[in-house]
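Summary of structural features
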Amino acid sequence: MALLGHIVSSEGIKEDPRKIEVVQSRPRPSSATEIQSFLGLVRYYRRLVENFLSIVALLIRLTKKGARFRWSDEYRYRYVLMKEGRMIAYASRLLKPREKTYHVHDLELAALLKI
């Protein structure tokens, strides 16, 4: 059963793959309005993302009134980080106490090494 962006079944609660597909299929934003739209989509999953605010903070700056829209490598990196499914990488298990202090990049590397 689909409920609020999740699939609820006897196996537990999982993210709705259709919602994730919508995020992953979005083209690169070309305006502050498109950034706001993207952030609206990914904010729903913010509790599943370690350091969510630090990842999207740079993107949020592009939406401020009077901010000049300049797409750089750093903005692209943050956008791709959220878009490529990193936002659900931490939902598969709880972090160990020592892992809670790891930087996002270290957590991603640890996840890749466990694959």
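Before reading on, note that the structure itself is shown above.
This write-up is about the structure you can find in this document. (Residues numbered from 1 in each chain as written. Predicted model: local features only at pLDDT ≥ 70, side-chain atom pairs only at ≥ 80, totals over all residues. Heavy atoms only, no water.)

Describing the nonpolar core
- Residues F38, L39, V42, I55 and M82 are the most contacted members of the largest nonpolar core, which totals 17 residues.
- Elements with a minimum of two residues in this core: helix 2 (32-43), helix 3 (52-61) and helix 4 (73-83).
- With five residues, helix 3 is the largest single contributor of residues to this core.
- I55 has contacts with V49, E50, R78, L81, M82 and V104, leaving out every residue within four places of it along the chain. (Core = buried A, V, L, I, M, F, W, Y, C linked by side-chain atoms within 4.5 Å. Buried < 20%, exposed > 50% of the residue type's maximum accessible area, 1.4 Å probe, protein only. Helix = DSSP H or I, 4+ residues; strand = E, 2+ residues; numbered from the N terminus. Contact = heavy atoms within 4.5 Å.)

Remarks on the pairing of strand 2 (residues 6-9)
- As paired elements, strand 2 and strand 3 (residues 12-15) share four bridges and run antiparallel to each other. Looking across to strand 3, one finds that H6 is bridged to E15.
- Count of turn residues in the strand 2/strand 3 antiparallel hairpin: two residues. (Pairing = 2+ DSSP bridges.)

As for the packing of helix 2 against helix 3
- For the pair helix 2 and helix 3, interaxial distance at closest approach is 11 Å and the crossing angle is 165 degrees. Considering their axes alone, helix 2 and helix 3 lie roughly antiparallel with respect to each other. In the packing of helix 2 onto helix 3, the handedness of the crossing is left-handed. Two secondary-structure elements touch here, helix 2 through I35, F38, L39, V42 and R43 and helix 3 through F52, V56, L59 and I60.
- Tallied by class, the residues present in the contact of helix 2 with helix 3 amount to eight nonpolar, no polar and one charged. (Axes fitted to C-alpha atoms, helices over the stretch in contact; angles between N-to-C directions. Parallel < 35°, antiparallel > 145°, perpendicular 65-115°, else oblique. Left-handed = near helix turned anticlockwise from the far one by under 90°. Nonpolar A, V, L, I, M, F, W, Y, C, P; charged D, E, K, R; others polar.)

Overview of the pattern of salt bridges
- Under the counting rule described, the total for this entry stands at one salt bridge.
- Residue R78 is joined to E74 by a salt bridge in which the shortest nitrogen-to-oxygen separation is 2.9 Å. Here R78 pairs with E74, and both are found in helix 4, just four residues apart, close to one helical turn. (Salt bridge = Lys/Arg side-chain N within 4 Å of Asp/Glu carboxyl O.)

What about helix 3?
- Buried within helix 3 are the following residues: F52, I55, V56, L58 and L59. In an axial view of helix 3, the angular spread of the buried residues amounts to 155 degrees, which keeps them on one side of the axis. Facing away from the buried surface of helix 3 by more than 90 degrees, the exposed residues are L53 and R61. (Arc of directions from axis to C-beta.)

As for the packing of aromatic side chains
- Per the counting criterion, the structure on display carries four aromatic pairs.
- The interplanar angle of 55 degrees and the centroid separation of 4.6 Å between the aromatic rings of F38 and Y79 together place this pair among those described as tilted. Of this pair, F38 sits in helix 2 while Y79 sits in helix 4, and the two are 41 residues apart along the sequence. In this pair, the class of F38 matches that of Y79, namely buried.
- One aromatic cluster in this structure is built from F38, F69, W71, Y75 and Y79. (Phe/Tyr/Trp six-rings, centres within 6.5 Å; stacked < 30°, edge-to-face > 60°.)

Here we look at the side chain of T63
- Within the secondary structure layout, T63 lies in the loop between helix 3 and helix 4.
- Apart from residues no more than four positions distant in its own chain, T63 is found in contact with A32, I35, Q36 and L39.

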